[in-house]
Amino acid sequence: MSENNADTLTSEFWENIERKKLVRPVCNLCGNNFFSPQVVCPDCQSSDWIYEESNGNGKIYSYTVIHRPMGDGFPNPYIVVDVDLEEGWKMYSQLLNCEIDEISVGLEVEVIFEKHAERTMPFFQPRRAKK
Amino acid sequence: MKNSNVAIAGIGLTEQAKSLQENNITVCIQAVKNALADAGMLMKDIDGISARWPGPGGTEFDSGVIDWSGVFGKSFRWVGDTYPQGVPGVLDAAAAVSFGLCETVIVFGGQAGILNRSELAEYTQPNNEFVRPWGLFTAAHFAMVAQVYFARFQPDRLKLSQIAVEIRNAGSRNPEAVMFGKGPYRPSDIVESPIICEPFHLLDLCLATEGASAVIITSLERALDCPHTPVRILGGGSEWHRQQYVDPARYDEVGAIGKDAFERAFNYADLTVDDIDVFEVYDINTWEIVRQFETLGLCSEGDGTDFLFENGISVNGRYPTNTDGGLLSFSHTGWGGPNLKVIEAVRQLRGTASGDQVNDAETALVTGAGSGAQYFNAAILAKN
Ligand SMILES: [Zn+2]
């Protein structure tokens, strides 16, 4: 999807993010969770899917620490992550509130919502035991 | 070598540089002229063209796409619009020629007059709402795949750096390479260069440069009339996993991308990897070379760094690789960059390399794309 499609296929995703809810498409026919949003479910090609809220918990599948700011207001360095969400879907994001030497493949993370470039975005941070 | 009725009859290269004073069209035309001269042909001999193309019948002008029939003021019997060029362009052209859709195809691509205006090549940056906001760029997509491999197998960093050293030093010796005269490099230079995106340092990563290149493909029969010894296209294969740089590229999905393409290419060519004399493989970063040799089955998953360190990848090694300096040091010209692998393979097989030359090279493996791009392609070329 290009940003030109943002007002159709993915507008509901971003509306939820604005309300600090992380959602993902879930297929009504086969139960598949998928991301990014597609016109049809990639498993069964049904267009009958809805956005459902995620618990926002996951693990880092992979990450990279980037030492080359792109001029988008990111800190230097910044950490890009590919997160496996508990419901069985995945997305790219950035990891915040984390020391560089604390990151590893498999690290448990949780979603947080922060403003970036004047819109709310879903970031992740290490999931720490609640006191 | 039964399936070899198609051959490369000409190659053309322009100056390669960090930036050129030309534009995308003029630099490509120069490469086309050079290839025609190399093949002893004129534009009227060309009836197939593979370049980024909306063409007659198409209306969508994506960035970098040009109506080449208008530029050359002629019509064609066959057009290919492979993105990018290189192996997919050559294989599609070979199929078109062998099926009689046309006689002679020119595959070309390149860029000029753009890199001095923006640091990152826009073509690799889909304007995607789930990628761009996180600050991903091409090297970062590849890094995300490599990090999982590094976590699992922990390759020796200095041995891995030796791969970049050998390729970069080949470029240092090659007068046509953008990085000619730089270096020589030692493994410590690689790991001491600035880290860009873990696990990759600056000197692990390919260039972004300007220039153009062109390849002429025709029947073996026609190629035998041309000035240079034909280089036959013996086989090839491609894997298209996903659109590049949109959704996460994952090691568990694309770590072995190329395995099927290699198998099909070698089967069709009736050769094995042990028959290959020179490897012109896609070195978008140092680790991607390791991944490809593991995928070729020459060593097991996780052992590629040690394997290449012990066997050697310079012209004096067991597996001469990226003899011109590769994308790391020779040049990488955007969507036309993959052609450079084909051109260096042809030069090695002709014995006319501008830099290091493998003695009596008869067969070459050429590859394109890679894990982070989520597609891959390979071709086997041989001296007639
Ligand atoms: Zn479904």
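Chemist: What should I look at first to understand the overall build of chain B in this one?
Modeler: Looking only at helices and strands, chain B features 13 helices and 11 strands. Taken over the C-alpha trace, chain B has a radius of gyration of 19 Å; the compact-globule value for 384 residues is 21 Å, and the two agree within 12%. Here the C-alpha coordinates of chain B stretch approximately 55 × 45 × 40 Å along the principal axes. Within chain B, buried positions represent 65% of all 384 residues. Relative to all contacts within chain B whose residues are 6 or more apart in sequence, the contacts with residues 24 or more apart total 76%. Counting only carbon and sulfur atoms, one obtains 47% of the accessible surface of chain B, whose full area is about 13800 Å². Here chain B carries 28 positive and 47 negative side-chain charges, and the mean point of each set is 3 Å from the other.

Chemist: Could you clarify how one ought to interpret the coordination of the zinc ion in this entry?
Modeler: Angles at a metal have ideal values that depend on geometry: 109.5 degrees with four tetrahedral donors, 90 or 180 degrees with six octahedral donors. Residue and element names in this part refer to chain A. Around the zinc ion, the donor atoms from the protein are Cys27 (SG), Cys30 (SG), Cys41 (SG) and Cys44 (SG), and they sit 2.3 to 2.4 Å away. Note that the zinc ion binds four donor atoms; their angles at the metal cover 101 to 116°, and the shape is tetrahedral. When the donors of the zinc ion are listed by position in the chain, the intervening gaps give C-x2-C-x10-C-x2-C. Separated by 14 residues along the polypeptide, Cys27 in strand S1 (residues 23-27) and Cys41 in the loop between S1 and strand S2 (49-53) bring together distant segments of the chain. Cys41 shares its class with Cys27; the two are buried.

Chemist: I keep staring at the interface of chain B and chain A and nothing clicks. Help me out?
Modeler: Frequently, the measure chosen for interface size is the accessible area removed from exposure when the parts meet. Taken together, the contact between chain B and chain A spans 33 residues of the former and 38 residues of the latter. Both faces considered, chain B and chain A share a buried interface measuring about 3100 Å² in area, 57% of it formed by carbon and sulfur atoms. With a shortest N-O distance of 2.9 Å, Arg250 of chain B and Asp82 of chain A are connected by a salt bridge. Linking chain B with chain A are 18 residue pairs in polar contact (both at pLDDT 80 or more), by the criterion used here. When contributions to the side of chain B that touches chain A are tallied by element, the ones reaching two or more residues are helix H4 (138-153), strand S5 (195-197) and helix H8 (251-254) of chain B.

Chemist: Which parts of the structure should I look at to understand helix H1 (residues 24-39) of chain B?
Modeler: Think of an α-helix as turning once every 3.6 residues; residues three or four places apart then point the same way. All names here are of chain B. Here H1 is 16 residues long and its end C-alpha atoms lie 23 Å apart, about the 22 Å a rise of 1.5 Å per residue gives. Among all positions in H1, only Val27, Cys28, Ala31, Val32, Ala35, Leu36, Asp38 and Ala39 are buried. In this structure, the buried side of H1 is in contact with strand S1 (6-13), helix H2 (68-72), strand S4 (104-111), strand S7 (211-219) and helix H13 (338-350). Capping of H1 at its N-terminal end is provided by Asn23; its side-chain oxygen lies 2.9 Å from the backbone amide nitrogen of Ile25.

Chemist: Please explain the nonpolar core as it appears in this structure.
Modeler: One finds Phe13, Leu22 and Leu95 of chain A to be the most contacted residues of the largest nonpolar core, which totals 106 residues. With sequence-adjacent residues up to four places away left out, Phe13 of chain A is seen in contact with Leu22, Val23, Phe35, Tyr51, Met91 and Pro122 of chain A together with Phe130 of chain B.

Chemist: Looking at this structure, how should I read the sheet that holds strand S10 (residues 363-370) of chain B?
Modeler: The strands making up a sheet are joined through hydrogen bonds of the backbone, oriented either antiparallel or parallel. All names here are of chain B. If you walk across this open sheet you meet the nine strands as S3-S2-S4-S7-S1-S8-S11-S10-S9, and the pairing is mixed. The strands lining the two open edges of the sheet, one partner per strand, are strand S3 (78-80) and strand S9 (278-280). On average, adjacent strands in this sheet sit at an angle of 25° to one another, irrespective of strand direction. Taken strand by strand, H1 contacts S1, S4 and S7, and its axis lies near 130° from that of S1.

Chemist: Explain the confidence of the model for chain A here, please?
Modeler: Where the model shows low pLDDT, its predicted coordinates should not be examined in detail. Looking at chain A, pLDDT values average 90 and 90% of them are 70 or higher. The low-confidence segment residues 1-6 of chain A, where pLDDT is below 50, has 14 contacts with residues more than four positions distant or belonging to other chains.

Chemist: How do you make sense of the packing of helix H5 (residues 157-173) of chain B against helix H11 (residues 304-311) of chain B when you look at a structure like this?
Modeler: Axis angle and axis distance: for two packed helices, these are the angle between their axes and the distance between the axes, and together they describe the pair. All names here are of chain B. The geometry of H5 relative to H11 is characterised by a closest axis approach of 9 Å and an angle of 55° between their N-to-C directions. With respect to H11, the element H5 is oriented oblique. Relative to H11, the crossing made by H5 is left-handed. Listed contacts from H11 to Lys159, Leu160, Gln162 and Ile163 of H5 are Thr305, Asp306, Leu308 and Phe309. Along the lines of polarity and charge, the residues of the contact of H5 with H11 split into four nonpolar, two polar and two charged.

Chemist: Explain the confidence of the model for chain B here, please?
Modeler: Mean pLDDT over chain B stands at 93; residues scoring 70 or higher make up 93%. Model confidence for the complex: the whole-complex pTM is 0.94, and ipTM, which rates the interface, is 0.90.

Chemist: How should the packing of aromatic side chains be read in this particular structure?
Modeler: The relative placement of two aromatic rings is captured by the distance of their centres and the angle of their planes. If you walk through the whole model with that rule in mind, you get 23 aromatic pairs over all chains. Centre to centre, the rings of Phe13 of chain A and Phe130 of chain B are 5.2 Å apart; their planes meet at 85°, and the pair counts as edge-to-face. With Phe13 of chain A in helix H1 (residues 11-18) and Phe130 of chain B in the loop between S4 and H4, this residue pair bridges two chains. Judged by its relative accessible area of 0%, Phe13 of chain A is buried. The buried category is assigned to Phe130 of chain B, whose relative accessible area is 5%. Each residue in the set Phe13, Trp14, Phe35 and Trp89 of chain A together with Phe130 of chain B is aromatic and connected to the rest through ring pairs, giving one cluster. In this structure, Arg291 of chain B is placed above the aromatic ring of Phe376 of chain B, and the distance from its NZ or CZ to the ring centre is 5.5 Å.

Parameters and conventions
- Residues numbered from 1 in each chain as written.
- Chains lettered and ligands numbered in written order.
- Predicted model: local features only at pLDDT ≥ 70, side-chain atom pairs only at ≥ 80, totals over all residues.
- Heavy atoms only, no water.
- Helix = DSSP H or I, 4+ residues; strand = E, 2+ residues; numbered from the N terminus.
- Rg over C-alpha atoms; globule rule 2.2 N^0.38 Å.
- Buried < 20%, exposed > 50% of the residue type's maximum accessible area, 1.4 Å probe, protein only.
- Contact = heavy atoms within 4.5 Å.
- Areas by Shrake-Rupley, 256 points an atom, 1.4 Å probe, with all protein chains shown as cover.
- Lys, Arg positive; Asp, Glu negative; His and termini not counted.
- Charge placed at Lys NZ, Arg CZ, Asp CG, Glu CD.
- Donors = N, O, S within 2.8 Å, 3.2 Å for Na, K, Ca; no water.
- Tetrahedral: all angles 85-135°; square planar, octahedral: opposite > 155°, others 65-115°.
- Buried area = accessible area lost by both parts, 1.4 Å probe.
- Salt bridge = Lys/Arg side-chain N within 4 Å of Asp/Glu carboxyl O.
- Polar contact = N/O pair within 3.5 Å; in protein donor to acceptor, adjacent residues only side chain to side chain.
- Expected span 1.5 Å × (residues − 1).
- Core = buried A, V, L, I, M, F, W, Y, C linked by side-chain atoms within 4.5 Å.
- Pairing = 2+ DSSP bridges.
- Axes fitted to C-alpha atoms, helices over the stretch in contact; angles between N-to-C directions.
- pLDDT = per-residue confidence, 0-100.
- Parallel < 35°, antiparallel > 145°, perpendicular 65-115°, else oblique.
- Left-handed = near helix turned anticlockwise from the far one by under 90°.
- Nonpolar A, V, L, I, M, F, W, Y, C, P; charged D, E, K, R; others polar.
- Phe/Tyr/Trp six-rings, centres within 6.5 Å; stacked < 30°, edge-to-face > 60°.
- Lys NZ or Arg CZ within 6 Å of the ring centre and 35° of its normal.

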